[in-house]
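What the coordinates show
For reference, the chains in residue letters:
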Amino acid sequence: MRLDFFTLFPQWFEWFESQRHVHNAVAAGSELRYLDLRATTPLSAGQVDDSPYGGGAGMVMRVDVIDAALQAAYGDARGGRRIVLLTPSGRMFDDGLATELAAEPELSLICGRYEGVDERVRDHLVTDAVSIGRYVLAGGELAAMVVADAVLRKLPGSLGHADSALEESYSSALDGDPEYPHYTRPPTYRGWEIPEVLVSGDHARVRDWRRARSRERGGPREDRA
Ligand code: ADE
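The structure reproduced in this document is the subject of the present report. (Residues numbered from 1 in each chain as written. Predicted model: local features only at pLDDT ≥ 70, side-chain atom pairs only at ≥ 80, totals over all residues. Heavy atoms only, no water.)

Time to look at the site of the ligand. Every one of the 13 residues lining the ligand counts as a neighbour, but Thr-87, Ile-132, Gly-133, Tyr-135 and Leu-137 are closest to it. One of the backbone N or O atoms of Ile-132 is found 3.0 Å from a nitrogen atom in the ligand. At 2.8 Å, a backbone N or O of Tyr-135 approaches a nitrogen atom of the ligand. With the chains in place, 96% of the 270 Å² that the ligand exposes on its own is no longer accessible. Counting residues per element, the shell around the ligand draws most heavily on strand E5 (residues 82-92), at 3 residues. Its residues assigned to classes, the shell around the ligand comprises 8 nonpolar, 5 polar and no charged. (Near = heavy atom within 4 Å. Polar contact = N/O pair within 3.5 Å; in protein donor to acceptor, adjacent residues only side chain to side chain. Areas by Shrake-Rupley, 256 points an atom, 1.4 Å probe, with all protein chains shown as cover. Helix = DSSP H or I, 4+ residues; strand = E, 2+ residues; numbered from the N terminus. Nonpolar A, V, L, I, M, F, W, Y, C, P; charged D, E, K, R; others polar.)

This is how it looks when you write it as structure tokens:
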């Protein structure tokens, strides 16, 4: 995957890139770039934002700044590239969307800052607007890292165990439910026991137990009886 982050703070991503699974994804052929919106702004003195029409507090990121950054990176040849704006008012990010984005050969994540981003970015320049939750962060950088983390760990070669991303929380293998509980040694700690079924050696019972715990955690859902 070719993954581009558009941000005012490219240096924040040094930590992100140092994570093992991100490192592994890069070693397996993915290419990550961090594009500084100030480097391509058409405005003087590195300006990227302006006061909102209609008044109100805070500053708004300008459409010409985002457009110039996309032009500098891709010209008019955007092809089928998925370009995602991170915003609290976007489509809610979940495992299904992570799987969908992981199938894209080319993905761009645009990190908004300040009070918001000129709506014409959403209307004309991006293909998706995505939120990581119903709360407001100071900017899209952490949201972009969350999205990229969840997407990259789905790529082949990113995790140590090829199977570990298959049967995990919210995956289709678990019918969209959260993951079942895990235990490891010691079998008893301060009197806290592990479930007996896990050391029974009976794989079918283990599977049934895990599925039941996973469903329990998922709680009542409209789509099941
Ligand atoms: N930018 C600020 N808050 C955000 C959120 N909750 N999701 C995505 N981008 C954001």
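The next point concerns the side chain of Ser-108. As for its placement among the helices and strands, Ser-108 is situated in strand E6 (residues 106-111). On the basis of relative accessible area, Ser-108 is assigned to the buried category, the value being 0%. Reaching out from Ser-108, the side chain makes a polar contact with the side chain of Arg-81 at a distance of 2.8 Å. Not counting chain neighbours up to four residues away, the residues in contact with Ser-108 comprise Asp-4, Phe-6, Tyr-74, Arg-81, Arg-82, Ile-83 and Val-84. (Buried < 20%, exposed > 50% of the residue type's maximum accessible area, 1.4 Å probe, protein only. Contact = heavy atoms within 4.5 Å.)

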